[in-house]
Amino acid sequence: MLNAAETTPGDELAAAIMERHFLPSLIRTETWEGYTFADLEIKIKESTDCYGAVLWPSAMVLCHFLDTHQDKYKLVDKNVIEVGAGTGLVTIVCSLLGAKVTSTDLPDVLGNLRHNVSRNTRGRCRHEPLVTELSWGYQLEGRFPRASCRYDYIMAADVVYAHPYLNELMETFEHLCSEDTVILWAMRFRLDPENSFVDRFQTRFHLEELYDLPSLRIKLYRAQKKRSDSQSQSGAAT
Ligand SMILES: C[S@@+](CC[C@H](N)C(=O)[O-])C[C@H]1O[C@@H](n2cnc3c(N)ncnc32)[C@H](O)[C@@H]1O
């Protein structure tokens, strides 16, 4: 058993992520926080007036993973959508790594998100990211038709907590996911709703744990949609 002074490999990784990528803000007319991913400095503007305008640690964990697993998760020219993008760090890192990114959030958050995405990606990316509204569960087929919107990856950082839209979020994951889509989802555990969401999620998606960082209470998951019985049978027949 570990005593309080001992650390786990997860704690060491958590400390490395937080230390390596964060620079305290500079005091000047515009306040921003500096991060380094994909060998580039990224400046993120936050505001304390809503959840989406603050950068959450799960986003840094996901960015660290993408930055250090480029051999396995090659994002160049891949179609990526981020849900609940907030300040946009994950969108920015995916774009710097070469992906075609659609960055989404609620309407109130889009102004700051656009500002951060634009200032950090302009002239630095193969594909200019698109920032657009996606309110979970709302007009999904109308705004993101399955026939034309096919994503290789869905990115999600800290989108599951005690909010009233967990069913809509599940519906959104299901709508955006095709058979081959991979979800990379960093999740901070706080209260019961997080655990029950993971249980329900597992009835529809295969879930694999990539990181467990107990000191941050964050896990990083990779998920893929479970195939329905009829799809499995037709796949087996071919
Ligand atoms: C805790 S913040 C995480 C932000 C960012 N992913 C990060 O990790 O820094 C949750 C995000 O989900 C967004 N969100 C909350 N409810 C939503 C909804 N019903 N539809 C779309 N986005 C929503 C918020 O605006 C916010 O950006």
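What comes next concerns the included structure. This one's a predicted model, so the numbers in the text were calculated from it and none came from an experiment.

Another aspect to go through is the packing of aromatic side chains. Taken as a whole, this structure holds 10 aromatic pairs when the rule is applied. A ring pair is formed by Phe65 and Tyr211, whose centres lie 5.5 Å apart and whose planes are at 85°; its orientation type is edge-to-face. Placement of the pair is Phe65 in helix H2 (residues 57-68) and Tyr211 in strand E8 (residues 205-213), with a sequence separation of 146 residues. Judged by relative accessible area, Phe65 falls into the buried class, the value being 3%. For the pair Tyr73 and Tyr153, a centre-to-centre distance of 6.2 Å together with 55° between the ring planes defines the contact as tilted. Residue Tyr73 is found in the loop between H2 and strand E3 (79-83), and its partner Tyr153 is found in strand E6 (residues 153-157); the two are separated by 80 residues along the sequence. The residues Tyr73 and Tyr153 share a single accessibility class, namely buried.

Moving on: the sheet that holds strand E7 (residues 182-188). The mixed open sheet is built from seven strands, whose spatial order is E5-E4-E3-E6-E7-E9-E8. Lying at the two open borders of the sheet, with one neighbouring strand each, are strand E5 (130-133) and E8. Going from strand to strand, the sheet's axes swing by 20° on average, the running direction of each strand aside. Pairing geometry for strand E4 (residues 100-105) and E5, over four bridges, is parallel. For Thr104, the partnering residue across the bridge sits in E5 and is Thr132. Sheet contacts for helix H3 (residues 89-96): E3, E4 and E6; angle to E4, the most-contacted strand, approximately 175°. Contacting E3, E6, E7, E8 and strand E9 (218-225), helix H6 (residues 166-176) crosses the sheet at an angle of about 175° to E3.

A full pass over the atoms with the stated rule returns four salt bridges. With its nearest N and O atoms 3.0 Å apart, the salt bridge here joins Arg126 to Asp77. Taken together, the positions of Arg126 in the loop between helix H4 (110-121) and E5 and Asp77 in the loop between H2 and E3 put the pair 49 residues apart, joining distant regions of the chain. Overall, the relative accessible area of 56% leaves Arg126 in the exposed class. What makes Asp77 partly exposed here is its relative accessible area of 34%. Among the salt bridges present, the one from Arg204 reaches Glu174, with a minimum N-O distance of 3.1 Å.

The phi angle of most residues is negative, glycine excepted, and most peptide bonds adopt the trans form. At Asp77, a position not held by glycine, the phi torsion is positive, near 65°. Phi at Asp158 takes a positive value of approximately 55°, unusual for a residue other than glycine. By the element assignment, Asp158 lies in the loop between E6 and H6. Under the relative-accessibility criterion, Asp158 is labelled buried at 9%.

So, on to the site of the ligand. What surrounds the ligand is a group of 19 residues, the closest being Trp56, Gly84, Asp105, Trp136 and Ala157. Between Trp56 and the ligand, the recorded distance is 2.9 Å, taken from a backbone N or O atom to an oxygen atom. Here an oxygen atom of the ligand and a backbone polar atom of Gly86 are 3.5 Å apart. When the free accessible area of the ligand is taken as 590 Å², the share hidden by the protein chains comes to 95%. Partitioned by chemical class, the residues of the shell around the ligand number 13 nonpolar, four polar and two charged.

The rules behind the values
- Residues numbered from 1 in each chain as written.
- Predicted model: local features only at pLDDT ≥ 70, side-chain atom pairs only at ≥ 80, totals over all residues.
- Heavy atoms only, no water.
- Phe/Tyr/Trp six-rings, centres within 6.5 Å; stacked < 30°, edge-to-face > 60°.
- Helix = DSSP H or I, 4+ residues; strand = E, 2+ residues; numbered from the N terminus.
- Buried < 20%, exposed > 50% of the residue type's maximum accessible area, 1.4 Å probe, protein only.
- Pairing = 2+ DSSP bridges.
- Axes fitted to C-alpha atoms, helices over the stretch in contact; angles between N-to-C directions.
- Contact = heavy atoms within 4.5 Å.
- Salt bridge = Lys/Arg side-chain N within 4 Å of Asp/Glu carboxyl O.
- Near = heavy atom within 4 Å.
- Polar contact = N/O pair within 3.5 Å; in protein donor to acceptor, adjacent residues only side chain to side chain.
- Areas by Shrake-Rupley, 256 points an atom, 1.4 Å probe, with all protein chains shown as cover.
- Nonpolar A, V, L, I, M, F, W, Y, C, P; charged D, E, K, R; others polar.

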